[in-house]
Amino acid sequence: MTLSLEVSEGVGTLRLDRPPMNALDIATQDRLRELAVEAGDRADVRAVVIYGGEKVFAAGADIKEMQTMDHAAMVARSRGLQDAFTAVARIPKPVVAAITGYALGGGCELALCADYRIAADNAKLGQPEILLGLIPGAGGTQRLSRLIGPSKAKDLIFTGRMVRGEEALTLGLVDRIVPAAEVYEQAHAWAAKLAQGPALALRAAKECVDAGLEADIDTGLTIERNWFAGLFATEDRERGMRSFVEEGPGKAKFL
């Protein structure tokens with residue numbers, strides 16, 4: 001099995017396991033889509049970690065597999081490739097990428113699908129597709145530019161260069177740098193903390209931010225307003241406000 005979903009303490013870990021470099025072949029892409037949907041649907045999964053193991057996150061697509069494909073074959077496959085990554089980006093729960101070693105090409109694009117990225121101090125990230133005469137095809141031209149801005153994204157995409165942990169942090173490509181041995185532990189702790197939070201409010205917050213970024217400000221405010229009002233119908237809202245009034249802030253326990 002090249003990809004699995006392991007659940008503990010409300011956290012689902014999407015674990016890549018395709019040695020030596022976790023290359024994302026077609027079978028792994030399809031499995032990624034299936035497990036992303038499963039993680040989104042399962043009630044016992046309240047937050048998600050994407051992890052490739054201690055040595056490497058994912059070094060990209062399977063180049064040997066891609067080399068055999070002609071234009072017609074990639075026209076038929078490219079939607080499935082993007083759909084797999086979009087399924088991860090649309091998990092309606094907090095998602096954190098735990099990045100060790102290489103996160104290149106499709107590996108970097110997979111990390112971009114997370115809400116938060118924790119990287120090892122020795123991690124290397126990049127979009128080297130240009131060195132193959134290609135461009136990123138799993139969302140890199142879109143998600144990277146939205147995350148770090150178009151000029152910085154173009155630098156990485158045009159040159160194909162890799163960036164290490166500290167530069168990735170400065171660019172905004174990752175959100176936290178930690179020692180390599182602590183990457184998964186800290187990512188799981190981030191997810192576990194949010195797994196104890198109000199699930200519907202977290203879902204609402206994620207949808208408001210993500211959908212709002214794709215819309216004009218008035219549309220974004222409408223999305224926010226509708227979710228904000230709708231949360232007043234939830235038990236979590238009642239529980240949170242009651243706890244605040246009776247016990248003070250930050251002490252509510254959500255189911």
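Relevant structure appears above.
Note that the coordinates shown come from a computational prediction; the quantities given were computed from them, not determined experimentally.

Analysis parameters
- Residue numbers run consecutively from 1 along every chain, following the written order of its sequence.
- Local features in this predicted model are restricted to residues whose pLDDT is 70 or higher, and side-chain atom pairs enter the listing and the counts only when it is 80 or higher, whereas totals over whole chains, interfaces and linings include all residues.
- Just so you know, side-chain values use all the structure's heavy atoms and leave hydrogens and water out.
- DSSP bridges decide pairing: two strands pair if at least two such bridges lie between them.
- Starting at the N terminus, helices and strands are each numbered in turn, a helix being any DSSP run of H or I of at least four residues and a strand any DSSP run of E of at least two.
- Axis lines are fitted through C-alpha atoms, for helices just across the contact stretch, and the angle between N-to-C directions can take any value from 0 to 180 degrees.
- Only protein chains enter the accessibility calculation, which uses a 1.4 Å probe; a residue whose area is less than 20% of its type maximum is buried, one above 50% is exposed, and one in between is partly exposed.

Observations concerning the sheet that holds strand β2 (residues 11-16)
Either a parallel or an antiparallel arrangement is found when strands of a sheet pair, and the pairing is made through backbone hydrogen bonds.
And step 1. Read from one edge to the other, the open sheet built from six strands follows the order β1-β2-β3-β4-β6-β9, with strand pairing classed as mixed. Each end of this open sheet is capped by a strand with a single partner; those strands are β1 (3-8) and β9 (176-178). With strand direction ignored, the average angle separating the axes of adjacent strands in the sheet is 20 degrees.
And step 2. Note that strand β3 (residues 47-51) and strand β4 (residues 95-99) share four bridges and pair parallel.

Let's talk about the environment of A181
And step 1. Mapped onto the elements of the fold, A181 is located in the loop between β9 and α8 (183-195).
And step 2. Note on A181: relative accessible area 76%, which makes it exposed.
And step 3. The spatial distance from the C-alpha of A181 to the C-alpha of A120 is 7.9 Å, given a sequence separation of 61 residues.

Things to note about the sheet that holds strand β5 (residues 102-104)
And step 1. Read across the sheet, three strands follow the order β5-β7-β8 without closing on themselves; strand pairing throughout is mixed. On the outer flanks of this sheet lie β5 and β8 (162-164), each paired with one strand and no other. The mean angle between the axes of side-by-side strands here comes to 20 degrees, regardless of whether they run parallel or antiparallel.

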